[in-house]
Structure formats: structure tokens, C-alpha cells
Amino acid sequence: MGGTYTVAVVGATGAVGQQMVACLEERRFPVHRLVPLASERSMGKKVTFMGKEIPVEVLTKDSFDGVEIALFSAGGSISKEYGPIAAAAGAVVVDNSSAWRMDPEIPLVVPEVNPKDIGLYTNRGIIANPNCSTIQMVVVLKPLHDAARLRRVVVSTYQAVSGTGQKAVDELANQVRALLACQEPEKKVYPHRIAFNCLPHIDVFLENGYTKEEMKMVNETQKIIGDDTIRVTATTVRVPVFYGHSEALNIETERKLTPYEARQILATAPGVKVVDDPLKNQYPMPLDAAGQDLTLVGRIREDFSIENGLNLWVVADNLRKGAATNAVQIAEILIRDYLRK
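Attention in this report is confined to the structure presented alongside it.

Thresholds, definitions, all that
- Residues numbered from 1 in each chain as written.
- Predicted model: local features only at pLDDT ≥ 70, side-chain atom pairs only at ≥ 80, totals over all residues.
- Heavy atoms only, no water.
- Helix = DSSP H or I, 4+ residues; strand = E, 2+ residues; numbered from the N terminus.
- Rg over C-alpha atoms; globule rule 2.2 N^0.38 Å.
- Buried < 20%, exposed > 50% of the residue type's maximum accessible area, 1.4 Å probe, protein only.
- Phe/Tyr/Trp six-rings, centres within 6.5 Å; stacked < 30°, edge-to-face > 60°.
- Lys NZ or Arg CZ within 6 Å of the ring centre and 35° of its normal.
- Pairing = 2+ DSSP bridges.
- Axes fitted to C-alpha atoms, helices over the stretch in contact; angles between N-to-C directions.
- Contact = heavy atoms within 4.5 Å.

### Some points on the overall build of the protein chain
And step 1. Along its length, the protein chain carries 8 helices and 14 strands.
And step 2. For the protein chain, whose C-alpha radius of gyration is 20 Å, the value lies close to the compact-globule estimate of 20 Å for 341 residues.
And step 3. Counting only C-alpha atoms and orienting by the principal axes, one finds that the protein chain spans roughly 60 × 55 × 40 Å.
And step 4. Per-residue burial for the protein chain yields a buried fraction of 53% across its 341 residues.

### Things to note about the packing of aromatic side chains
Two aromatic rings are characterised by how far apart their centres lie and by the angle between their planes.
And step 1. Applying the stated criterion across every chain, the model contains 3 aromatic pairs.
And step 2. Measuring from centroid to centroid gives 5.9 Å for Tyr121 and Tyr338, while their planes differ by 70 degrees, and the two rings are edge-to-face. Remark: Tyr338 occurs in the segment after α8 (320-337) and Tyr121 occurs in the loop between β7 (92-95) and β8 (126-128); sequence separation between them is 217 residues.
And step 3. By relative accessible area, which is 13% here, Tyr121 ends up buried.
And step 4. The residue whose ring lies beneath Lys80 is Trp100, and the NZ or CZ to ring-centre distance is 4.4 Å.

### Considering the pairing of strand β13 (residues 295-302)
And step 1. Of the pairings in the sheet, the one linking strand β12 (residues 272-274) to β13 comprises 3 bridges and is parallel in character. Across the sheet, the residue bridging to Val272 is Thr295, located in β13.
And step 2. Between β13 and strand β14 (residues 309-316), which pair antiparallel one after the other, the connecting turn spans 6 residues.

### Some remarks on the sheet that holds strand β9 (residues 150-159)
And step 1. One open sheet accounts for 6 strands, arranged β10-β9-β11-β14-β13-β12; its pairing is mixed. The outermost strands of the open sheet, each flanked by one partner alone, are β10 (231-238) and β12. The average undirected angle you get between the axes of adjacent strands in this sheet is 20 degrees.
And step 2. Of the strands in this sheet, β9, β11 (245-253), β12, β13 and β14 are in contact with helix α3 (residues 132-148), which crosses β11 at around 25 degrees.
And step 3. Running at roughly 140 degrees to β10, helix α5 (residues 212-225) makes contact with β9, β10 and β11 of the sheet.

See the structure below:
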């Protein structure tokens, strides 16, 4: 990779920001100087990187002097305000919010699926990281699309509370403790109790009856794969799991794929691990995906209700491959192919 880089992490004290710092270290990204940035609420906090404690700096318009790569995970409004400022200062921004994903000038990238789109960062100096549930889905869908062309995708998600943030993780833990102690649980993050419950409600509801999360999966899938003829419909559900999103996929293809063919294709697909031996009770679970970067797929079987259909079960760590790892992988390709020193 050549030289080393000054890397900023915006939102460094949040759940995804902490994972970004951890991924930079684990993957031995060539960091010359790490600049952890957050709001004034994080003043006095430190992040640990390569055995050193680094003070968190308050995000300002002057934070990006000398920064070459800026990883953002601080919400859409912060990205909208500070992303262009970072780009104007000379940094390439990899943004984890929804702020730029559907902007036609901004590449939306999953490295295993559309790495060449990273080169489009020159348009605005910004690369968008997709939604967590979209990332793990398209990693599995793209090799099947290349082999047999997708016509339609029906996805139902089972999404962990960590996708909402640390406050939601704490709320689930507190609610479970309260209920087991026969106390009334408090609810602040979600409109209903999440402990021992499922909420078919992620993000806000739109006029078409879908949630914003569901439409993200529809629109982002078409943009990343580069085919707006693929019909996608989604139902997204929050479940009482701390880490790891699960998805039930039903796909219809132009050419018939047998379950055996699909397993063979996915067994060699980048970033994918097939875990599919139901007779031995082997199938992907959030507990298996937590802490790793691979997307797990199993329960691959024919949908006998349609001519060319398959059902699949897909699981990934939403904070890692669904967010932090994907962003760092983008940065790795960026310095390998475009910012070489």
C-alpha cells in the first residue's frame, strides 16, 4: 500500500465509530495519525488505538486540516454539514449515514459487489456506505445475479437493537432485567417494549406504507447491483437480539438455479461463508456472526411455489460488515488503487 495516512473517524465514541477504530487496527490499515472526532458531549473521552490512548477532539470546521481519509458515522445531519467540508479540505469521505446514498453523483459501494464504483469518489470527494441490512443482502445476491439474473427479491429482516445504537442495547438489557425482576420496564428508544417482543417498525413510516428502512433496501440494492429492473420488496423487523442482523430472502431468477448450484456459487463468493447442514443443526445465527466480517448464508432451498425460486437465510454482524468493516474495506481499495503514495 506504500505510505501511511492521516485518518479521521467522525463519531469515534459511538458504537460504529468504535468498531471503525477497531477495524483499522485489526486490518493493519496504514494509519500515520488517527484523529478521533465527536461532539462536545464526548470531551475528555479517549479511544485506544495500537496500544495508545488518543484524546477525542470536538468536531469543528477546522478538524480536517491534513486529513486524507475521513470515516463518518455520526448521523445524516452531521454528514450533510461536515462531509463537504472534509472533502473541500482534501479528505476522501467514506460516510456511513443515509445522507448521500441515493445521490446520483455519489458512489454507493460494497467492495465485494461494485468495487470499481469507488473511482467515482472524484465527483464530490465522498463515498457512501450502504445500509447495514442492504450490505449483507447484496453480498449474497450479486453472485447469484451474475449466474442467473435476479428478477425479484422478497426480504424479511430480523434486525438487532445495536442497529439503533448503544442506547437501544442498554434499553433491551434494562428491560430484560426489569421483567425478570417482575418490574415495569422503561421504554425510551422504541415506541413499544423490545424485550421478548418484535417490532415491525424500523425508521419512520412513509406515505406508501413502507418504512424508510424498507425503502432503503429497495433503492440501494438496485443502485449497488446496477440494475433497476430487479424488483425488491422488504419488511424490516427489530428483534430482541443485541448484535447481528438476520434476513429471510426469497428470490426469483431468470434462469433456474438449483440449491446445489447456489451453494457452489456462494461457496466461492468473496466475503461469504456457507453454513448449511440442517440435519446437523448447522445454519447461520446472530451468535455465530457476532465479531466476524463474513456474511453467513444457509437454509438454501428451492421455493416450489414458483418456477425459478430459492429461499435463503442470511446473517451478518451489523456493526462490522454492516457498517465499520465495509467502510474500512472501501478505504483499503481507495489507497490501493487511487491514493497510492
